[in-house]
Amino acid sequence: MYGPWVQMLIAAVRPLELASPITVRHAMTFLFGLAGLTAVVPMARLTVGCWAGLTALALCLLTGFLYGNLFFAPIDVPFLFAMSWSTLSIVLMVRQGVPSWRLTLATGPCHWPRHRDAQRRGVITHAYPSLAA
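First things first, this report covers the structure right here in the doc. Only a predicted model underlies this, so the values are computations on that prediction, with no experimental measurement involved.

**Some details on the nonpolar core**
Grouped together as the largest cluster of nonpolar side chains are seven residues: Val6, Ile10, Val24, Met28, Phe32, Ala73 and Val77. Mapped by element, the contributors of at least two residues to this core are α1 (3–13) and α2 (21–37). Broken down by element, the residue count for this core peaks at three residues, all from α2. Beyond its immediate stretch of four places on either side in the chain, Val6 contacts Phe32 and Pro78.

**Section: the environment of Trp5**
Looking at where Trp5 falls in the secondary structure, it is placed in helix α1. Each C-alpha atom, one on Trp5 and one on Ile75, is 9.9 Å from the other, the two residues being 70 residues apart in sequence. Setting aside chain neighbours within four positions, we find Trp5 in contact with Phe32, Pro78 and Phe81.

Reading guide: rules and limits
Residues numbered from 1 in each chain as written. Predicted model: local features only at pLDDT ≥ 70, side-chain atom pairs only at ≥ 80, totals over all residues. Heavy atoms only, no water. Core = buried A, V, L, I, M, F, W, Y, C linked by side-chain atoms within 4.5 Å. Buried < 20%, exposed > 50% of the residue type's maximum accessible area, 1.4 Å probe, protein only. Helix = DSSP H or I, 4+ residues; strand = E, 2+ residues; numbered from the N terminus. Contact = heavy atoms within 4.5 Å.

Interpretation in functional terms is not warranted from these geometric data alone.
What follows is the structure in structure tokens.
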């Protein structure tokens, strides 16, 4: 359920009347997409090397399907945002011997499954790193 919380933020910004409602929706979706792509650079640098960050970002932006969806996909873009930041926090957790509480708590909300059975399993998988910390 990544889309509804972004829709609530868009609904909160629309009364400011910065632009037409459609323009505000597309701009907010684009900003969330850019915020999601900002996690790609440090993730690639930490996992592959210093040259990989800008290369990964360039490859993402050169993909027409991704670039087009940054403006028009109010459900896929929040998923990109949540999963990229969740993956970055997992990469940072793995680099440490024992994950810190801050990284553990940052990973959980971004990586919350949608279905009830998966949520029960998600509680179990998030309990283990929490107990280890």
